[in-house]
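Remarks on the overall topology
Now for the letters of each chain:
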Amino acid sequence: MKYSIWIIIALQLLSSTVQAQQGESQRIPLIGTQAPSFKSQSTNGMINFPKDFGKQWKIIFAHPRDFTPVCSSEILELAYRQKEFTDLNAQIVVLSVDKMVSHQSWKADLESIEFKGRDKVKILFPLVVDSSAVISYKYGMLDSKSKVGQSVRGVFFIDPQNTIRAFQFYPIEVGRNTDEILRTLKALQEHDRVEGIVLPANWEPGDDYMLPFLSPEDKEELKKPDSDIYYINWYMIYKKSK
């Protein structure tokens, strides 16, 4: 019996050492590259990512651990806003290094909470099992400072062509802003919808766009008395959104 216990402890230490080494050697997939694929169990069944989500936008949302205070607040805030993501043709995919039994128990407990005076909410998006930390490693999200092999707070925005368009990393001690995640998603979608624009600081839907340069058509537009294009100076050119 004692021999078996020592074997289990040794295997756990070896696993932690391997994950720590992985954390030091991992690389973050860059903007403009294809999103790494993976297969894993989740609270919604087996996930084949990104294939299962077709031409949707995909939001990978990694968190350090189940049953922790900040992570719990983040998942609940996402759950209260999940219809907004669905309306934007986006699928949230949450993952952590916890096992399935932990995910299922945590999800059930979160669904019993009336958070900040709001009604209880059903969590419809999957909580993916990454107990081997393989997915976190593929996305460069392993916390190199952690001795227990967990991810940082990572968010990846992946478009319908499965290209990584943006990512955000937060430390364990700071929770993410759901409004900013939605704003970033809307900005990326608006950039794809309207040709030739970029989005300025603090852009919100309905705000004016910026132009990186003037096309021949823009120069003709500027000659009109009611032009949709206007200057702050020669390198800050705006275009009305309406």
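This text goes with the structure placed above it.
Below, the structure is looked at part by part. Note that the structure is a prediction, hence the values are computed from the model and not measured. (Residues numbered from 1 in each chain as written. Predicted model: local features only at pLDDT ≥ 70, side-chain atom pairs only at ≥ 80, totals over all residues. Heavy atoms only, no water.)

**Topic: the pairing of strand E4 (residues 90-96)**
Burial within E4 is extensive, with seven of its seven residues counted as buried. A two-sided burial pattern is seen for E4, the buried positions comprising Ala90, Ile92, Val94 and Ser96 on one face and Gln91, Val93 and Leu95 on the other. Here strand E3 (residues 57-62) pairs with E4 via six bridges, running parallel. Bridging from a neighbouring strand, Lys58 pairs with Gln91 of E4. Two elements, E4 and strand E5 (residues 127-129), share three bridges in a ladder whose sense is parallel. Residue Leu95 lies in a different strand from E5, and its bridge partner there is Val128. (Buried < 20%, exposed > 50% of the residue type's maximum accessible area, 1.4 Å probe, protein only. Helix = DSSP H or I, 4+ residues; strand = E, 2+ residues; numbered from the N terminus. Pairing = 2+ DSSP bridges.)

**Some remarks on the packing of aromatic side chains**
Tallied over the entire structure, the rule returns nine aromatic pairs. Taken together, a centroid distance of 5.9 Å and an interplanar angle of 70 degrees make the contact between Phe156 and Phe169 edge-to-face. Of the two residues, Phe156 is situated in strand E6 (residues 153-158) and Phe169 in strand E7 (residues 164-170); the sequence distance between them amounts to 13 residues. Since its relative accessible area comes to 33%, Phe169 is described here as partly exposed. Here a set of aromatic residues connected by ring pairs shows up, and it is made of Tyr139, Phe156, Phe167 and Phe169. Seen from the ring of Phe61, Arg176 lies directly overhead, with NZ or CZ sitting 3.6 Å from the centre. (Phe/Tyr/Trp six-rings, centres within 6.5 Å; stacked < 30°, edge-to-face > 60°. Lys NZ or Arg CZ within 6 Å of the ring centre and 35° of its normal.)

**Observations regarding the pattern of salt bridges**
A side chain of one charge can pair with a side chain of the opposite charge when the charged atoms of the two come close. Across all of its chains, the model carries 15 salt bridges by this definition. Taken together, the salt bridges that share partners define one network made up of Glu74, Arg153 and Arg176. (Salt bridge = Lys/Arg side-chain N within 4 Å of Asp/Glu carboxyl O.)

**What about helix H4 (residues 100-110)?**
Quick reminder: α-helices carry 3.6 residues per turn. Residues three or four places apart thus point the same way. For H4, the set of buried residues is Ser102, His103, Trp106, Lys107 and Leu110. All buried residues of H4 fall inside an arc of 125 degrees around its axis, so they share one side. Along its buried surface, H4 packs onto helix H2 (69-80), E4 and E5. (Arc of directions from axis to C-beta. Contact = heavy atoms within 4.5 Å.)

**So, the side chain of His103**
With respect to the helices and strands, His103 occurs in helix H4. The exposure class assigned to His103 is buried, which follows from its relative accessible area of 0%. Those residues in contact with His103, other than ones at most four positions away along the chain, are Thr43, Asp66, Ser96, Asp98, Leu127, Val128 and Val129.

**Concerning the sheet that holds E5**
An order of E5-E4-E3-E6-E7 is seen for the five strands of this open sheet, with the pairing classed as mixed. Strand pairing shows two members of the sheet lacking a second neighbour, E5 and E7, which therefore form its edges. Taken pair by pair, the neighbouring strands of this sheet meet at an average axis angle of 20 degrees, ignoring direction. Taken strand by strand, H4 contacts E4 and E5, and its axis lies near 165 degrees from that of E5. Along the sheet face, helix H6 (residues 178-193) touches E3, E4, E6 and E7 and points at about 165 degrees away from the line of E7. (Axes fitted to C-alpha atoms, helices over the stretch in contact; angles between N-to-C directions.)

**Re the environment of Phe115**
Tracing the chain through its elements places Phe115 in the loop between H4 and E5. Phe115 sits 39 residues away from Leu76 along the chain, and the two C-alpha atoms are 7.5 Å apart. With near-sequence residues (within four places) excluded, Phe115 lies in contact with Ser73, Leu76, Glu77 and Tyr80.

**Some points on the nonpolar core**
Nonpolar side chains in soluble globular proteins generally cluster together in the buried interior. By size, the foremost hydrophobic cluster in this structure holds 27 residues, and its most contacted members are Ile59, Ile75, Phe85, Val94, Phe125, Phe157 and Leu185. For this core, the secondary-structure elements that each account for two or more residues are E3, H2, E4, H4, E6 and H6. With five residues, the single largest contributor to this core is H2. Setting aside its immediate chain neighbours within four residues, Phe85 contacts Ile59, Leu78, Ala90, Ile92, Thr178, Ile181, Leu182 and Leu185. (Core = buried A, V, L, I, M, F, W, Y, C linked by side-chain atoms within 4.5 Å.)

**With respect to unusual backbone geometry**
The omega torsion across Phe49 and Pro50 is 5 degrees, close enough to zero to call that bond cis. You can see Pro50 is positioned in the loop between strand E2 (47-49) and E3. Located in the positive-phi region is Phe67, a residue other than glycine, with phi close to 55 degrees. Checked against the element boundaries, Phe67 lands in the loop between E3 and H2. Backbone geometry at Asn162 places phi at a positive 65 degrees, although glycine is not the residue there. Positionally, Asn162 belongs in the loop between E6 and E7. By relative accessible area, which is 18% here, Asn162 ends up buried.

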